[in-house]
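Structural description and commentary
Chain by chain, the residues run as shown.
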Amino acid sequence: MPPIMVEVHMHLTKRHYLIAGGAVVLAAALAVSAATLRNRPDPVTLPEHTAIRVTLDEALASNQNRPGDHFDATVSEPVVIDGKTVIPQGAHAEGLVVDAQKSGRLMGRARLQLALQAVDVNGQDYDVRTISHARIGRNHKKRNWAWIGGGAGGGALIGGLAGGGKGALIGGPVGAGAGATVALLTGKKDIKLRPETPVKFELSEPVTINVKG
């Protein structure tokens, strides 16, 4: 092969390799760029009043917990906005006991108030502020009066059988005292939430969370 043809062939071969190499580099750069765009966090704002449903990871009770206690929970339903899952099901959440008042025996209703403080999304904690709804224990006044009234009636009956009218006057207060004792012993109505109890919270302020594309 003449020297000129060899030189031309070598020149074309080098050019071919340079073009091919450039194409490979460009394809790799485009792939990296696409992957970067795909994995780039997309900020999504959850509006006020967005519901976040969780289940408790631990037990809470109005007669055991105190304001300021922290508790752990798990998101039980995904929070989806415009087709995007912003908070996935199974995400870890942390809450705060806002108020806790134990039940009295004859008066004073139990109270337990909770709020959500933070949610973990893709390894990042986001502070949240939620509307805090209080749980109020049942009113035990009617039940206590039933115990006291029933005790008085029984005492009056026993007293009447034992000593006529005078016995009834004595038996009534004695029976009432017995009924009050029963109310004292059984009158507490504290709020007790077991693990896996479902609790619904609502955002009191919007929160922006980075969602992976």
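Values in this document were obtained by computation on a predicted structure and should not be read as measured data.

**Some remarks on the pairing of strand 13 (residues 198–203)**
Residues Val199, Phe201 and Leu203 line the buried face of strand 13, whereas the alternating positions Pro198, Lys200 and Glu202 sit on a face that is not buried. Where strand 2 (residues 51–56) and strand 13 come together, five bridges link them in antiparallel fashion. Each residue of the ladder has a partner; that of alanine 51, found in strand 13, is glutamate 202. Alignment of strand 10 (residues 130–131) against strand 13, held across two bridges, turns out to be antiparallel. Looking at strand 13, one finds that isoleucine 131 is bridged to glutamate 202.

**Overview of the confidence of the model for the protein chain**
Across the protein chain, the average pLDDT comes to 73, with 54% of residues at or above 70. Across the protein chain, the secondary-structure element scoring lowest on mean pLDDT is helix 2 (residues 141–186), at 44, and the one scoring highest is strand 4 (residues 70–75), at 97. Throughout residues 165–187 the model reports pLDDT below 50, and contacts reaching past four residues in sequence, or to other chains, amount to 38 contacts.

**A few points about the environment of leucine 96**
Note that leucine 96 resides in strand 7 (residues 92–101). Each residue touching leucine 96, except ones within four places of it in the same chain, is listed here: Gly68, Asp69, His70, Phe71, Gln113, Leu114, Ala115 and Gln117.

Calculation rules
- Throughout, residues of each chain are indexed from 1 in the direction in which the sequence is written.
- Given that this is a predicted model, residues contribute local features only at a pLDDT of at least 70 and side-chain atom pairs are listed and counted only at 80 or more, while totals for whole chains, interfaces and linings are drawn from all residues.
- With hydrogens and water stripped out, all remaining heavy atoms of the structure feed into the side-chain values.
- To sort residues, take the accessible area from a 1.4 Å probe on protein chains only and compare it with the maximum for the residue type: under 20% means buried, over 50% means exposed, and anything in between is partly exposed.
- Per the convention used, a helix needs a DSSP run of H or I reaching at least four residues, while a strand needs a run of E reaching at least two, with both numbered from the N terminus.
- Two strands are counted as paired when DSSP detects at least two bridges linking them.
- For every residue, the pLDDT score states the predictor's confidence, bounded by 0 at the bottom and 100 at the top.
- By the convention used here, residues are in contact when the closest approach between their heavy atoms is within 4.5 Å.

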